[in-house]
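Analysis of the macromolecular model
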Amino acid sequence: MWQVTGTSIPSGATAIVLNLTVTGTNATTFLTVWPDGQAQPRTSNLNVLAGKTSSTAVVVGLSGTGVIDIFNAAGSADIILDYFGYYAAVIPGGPTGPTGATGATGATGATGATGGTGPTGATGPTGATGPSGGPTGPTGATGATGSTGPTGPTGPTGATGASGASGATGATGAVGSVPYTTVTGTAITGEHEVFGTGTANSPVTLSGAAVFAGAGTYMCFASDTTSPSSDVEITYSSATAFTPTSAVADAVRFTCIGK
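Just so we're clear, the structure is a prediction, and the values are computed from it rather than from any experiment.

Re the state of the cysteines
As enumerated under the stated definition, the model contains 1 disulfide in all. In this model, Cys220 is linked to Cys256 through a disulfide, with the two sulfur atoms separated by 2.0 Å. Handedness here is read from the sign of the S-S torsion; for Cys220 and Cys256, about 105°, the answer is right-handed. One end of the pair, Cys220, is in strand S11 (residues 218-224); the other, Cys256, is in strand S14 (residues 251-258), and 36 residues separate them in sequence. Like Cys256, Cys220 is buried.

Some words on the sheet that holds strand S2 (residues 13-23)
Across the sheet, 3 strands lie side by side as S5-S2-S7; this open sheet has antiparallel pairing. Whereas interior strands pair on both sides, the edge strands pair on one side only; in this sheet they are strand S5 (54-61) and strand S7 (78-88). Adjacent strand axes in the sheet meet at a mean angle of 20°, parallel and antiparallel pairs treated alike.

Considering the sheet that holds strand S12 (residues 233-238)
Spatially, 3 strands are ordered S10-S13-S12 in an open sheet, and the strand pairing comes out antiparallel. The outermost strands of the open sheet, each flanked by one partner alone, are strand S10 (204-205) and S12.

Looking at unusual backbone geometry
Positive phi outside glycine occurs at Asn201, with the angle close to 75°. If you trace the backbone, Asn201 turns up in the loop between strand S9 (187-199) and S10.

A word on the environment of Gly214
Along the polypeptide, Gly214 turns up in the loop between S10 and S11. Overall, Gly214 belongs to the buried group, its relative accessible area being 16%. In this view, Gly214 contacts Ser238 and Ala239; residues no more than four positions away in its chain are not counted.

Comments concerning the pairing of strand S6 (residues 67-72)
Across a regular strand the side chains alternate sides, sitting on one face of the sheet and then on the other. Here strand S1 (residues 2-3) pairs with S6 via 2 bridges, running antiparallel. Counterpart to Trp2 in the pairing with S6 is Ile68. Where strand S3 (residues 29-35) lies against S6, 5 bridges are found, and the strand directions are antiparallel. Across the sheet, residue Thr32 finds its bridge partner in S6, namely Phe71.

Focus on the nonpolar core
Counting residues in hydrophobic clusters, the biggest one holds 16 residues, and the most contacted among them are Ile16 and Val60. Mapped onto this core, the elements with two or more residues apiece are S2, S3, strand S4 (46-48) and S5. Ignoring anything within four residues of it in the chain, the contact list for Ile16 reads Val4, Ile9, Val58, Val59, Val60, Leu62, Tyr83, Gly85 and Tyr86. Residues Val194, Ala210, Phe242 and Cys256 belong to the second largest nonpolar core, which totals 11 residues.

Regarding the packing of aromatic side chains
Across all of its chains, the model carries 5 aromatic pairs by this definition. Centre to centre, the rings of Phe212 and Tyr218 are 4.2 Å apart; their planes meet at 10°, and the pair counts as stacked. Look at Phe212 and you get buried, because its relative accessible area is 4%. According to the relative accessible area criterion, Tyr218 is buried, its value standing at 6%. Where Tyr218 meets Tyr236, the ring centres are 5.3 Å apart and the plane angle is 85°; that geometry is what we call edge-to-face. Of the two residues, Tyr218 sits in strand S11 while Tyr236 sits in strand S12, which places them 18 residues apart along the sequence.

Criteria and thresholds
- Residues numbered from 1 in each chain as written.
- Predicted model: local features only at pLDDT ≥ 70, side-chain atom pairs only at ≥ 80, totals over all residues.
- Heavy atoms only, no water.
- Disulfide = S-S within 2.5 Å.
- Helix = DSSP H or I, 4+ residues; strand = E, 2+ residues; numbered from the N terminus.
- Buried < 20%, exposed > 50% of the residue type's maximum accessible area, 1.4 Å probe, protein only.
- Pairing = 2+ DSSP bridges.
- Axes fitted to C-alpha atoms, helices over the stretch in contact; angles between N-to-C directions.
- Contact = heavy atoms within 4.5 Å.
- Core = buried A, V, L, I, M, F, W, Y, C linked by side-chain atoms within 4.5 Å.
- Phe/Tyr/Trp six-rings, centres within 6.5 Å; stacked < 30°, edge-to-face > 60°.

Okay, structure coming up:
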């Protein structure tokens, strides 16, 4: 267990962004971090060989008391946590300054005089009633009712037409992005974070709000979700594409940060 909030990270934080560095290992191992009080994930955040130093960027949620758990799979190791951002539902602000004095109320102006009501015009005379029309004529005799003809036969039912072809499936929506802030909660314009999964040795294509400014404007970190000891390297092709490479074509989890 590691207490995160209470020093440079405020108690209102719900998740932390940090650099996870492992050094001084005496065995090949992997590390996993997760919110205290929850079940340990079955994937790793960082894989490291014995005697090597490795680091990666990690976004991890915090428990209600601001605590995370850290698991080392084998041997002993020195672990370094460098915080550089956090998420919070409400970012705490500074105290409210004193209210200034209320100025004097100005004098009310005089009410203007009410204008006079104009005279009502005279009502015109009522016109005479016109004469009634002539007498009502006699009602004619009612004619005989004609006979009802026979009902014709019902026509045959037409054949059912063929079903129309199914419409094409709509395009998949773009990957969303996460705003990027400093440790004081100030938003950094133009920077964002993208995370997701892919397959080692297969290109990952970004679209929509996930696209970065150029191949050299972002950095990705990835881990093999099936073989924790397998290293994953990133090759950047453009602002919209990169390829995670590994000795085994397993599923990988990645996080990219940049402009």
